[in-house]
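Residues per chain are reported as follows:
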Amino acid sequence: MWRSVVGLKKALAATLLAITCGAMTPASATDLNAGYVALDMDPDARFPFISGVVEGIAQARAHAAGGENAMTGCIYHWFYEEEQSYDMILAAFAKFQDRAPGAIVDALIRRRCSE
């Protein structure tokens, strides 16, 4: 049990690190927090960034479970098929501007697709 939790945390950390490093440029010295994503990030980059966070969380959950399962299916359905999910994420980012985007998305996923 503890190995899957540790593996999930490592996978989430690695995903968020990769997203963070890929999205930051030398000219950008701002923190990559939820406020930056919601208010300052180029709108054309916002959806790909958020979908990368969602994909990372879904894949980490699938890996921890030994393959895709009901949880990963729920995550994909929630984000890609329920129209209000993207707006819900942006509203949460605006409300909790100093938090990490991945932590907010993970909390919303846990609320919608409780294990």
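Keep in mind it's a predicted model, so treat the numbers as computed, not measured. (Residues numbered from 1 in each chain as written. Predicted model: local features only at pLDDT ≥ 70, side-chain atom pairs only at ≥ 80, totals over all residues. Heavy atoms only, no water.)

Student: How should I be thinking about the environment of Phe47 in this particular structure?
Tutor: Secondary-structure assignment places Phe47 in helix H3 (residues 43-65). Distance from Phe47 to Leu90, taken between C-alpha atoms, is 10.0 Å for residues 43 residues apart in sequence. Beyond its immediate sequence surroundings of up to four residues, Phe47 is in contact with Phe79, Tyr80 and Tyr86. (Helix = DSSP H or I, 4+ residues; strand = E, 2+ residues; numbered from the N terminus. Contact = heavy atoms within 4.5 Å.)

Student: Mind showing me how you'd approach the state of the cysteines here?
Tutor: Among covalent bonds in proteins, the disulfide is the one between the sulfur atoms of two cysteines. The tally for this structure, following the rule as stated, stands at 1 disulfide. Cys74 shares a disulfide with Cys113; S-S distance 2.0 Å. Taking the sign of the S-S torsion, -80° for the link of Cys74 and Cys113, the bridge is left-handed. You can see Cys74 sitting in helix H4 (residues 70-81) and its partner Cys113 sitting in the segment after helix H6 (101-112), a full 39 residues away along the chain. Assessed through its relative accessible area of 4%, Cys113 is described here as buried. (Disulfide = S-S within 2.5 Å. Buried < 20%, exposed > 50% of the residue type's maximum accessible area, 1.4 Å probe, protein only.)

Student: I tried to follow helix H5 (residues 84-95) on my own but got confused; where do I start?
Tutor: Because an α-helix packs 3.6 residues into every turn, residues spaced three or four apart end up facing the same way. Its 12 residues place the ends of H5 16 Å apart at the C-alpha level, agreeing with the 16 Å of an ideal helix rising 1.5 Å per residue. Those residues of H5 that sit buried are Ser85, Tyr86, Ile89, Leu90, Ala92 and Phe93. The arc enclosing the buried residues of H5, seen along the axis, measures out at 160°, which places them on a common side. Of the exposed residues in H5, those oriented more than 90 degrees away from the buried face are Asp87 and Lys95. Of the surrounding elements, those touching the buried residues of H5 are helix H2 (34-40), H3, H4 and H6. (Expected span 1.5 Å × (residues − 1). Arc of directions from axis to C-beta.)

Student: Honestly, the nonpolar core in this entry has me stumped. Any pointers?
Tutor: The tendency in soluble globular proteins is for nonpolar side chains to be buried as a group. Counting residues in each nonpolar core, the largest one holds 26 residues, and the members touching the most others are Ile50, Ile75, Ile89, Phe93, Val105 and Ile109. Mapped by element, the contributors of at least two residues to this core are H2, H3, H4, H5 and H6. Per-element tally for this core: the top contributor is H3, with 6 residues. Excluding anything up to four places from it in sequence, Phe93 contacts Ala34, Gly35, Val37, Ala38, Ile50, Pro101, Ile104 and Val105. (Core = buried A, V, L, I, M, F, W, Y, C linked by side-chain atoms within 4.5 Å.)

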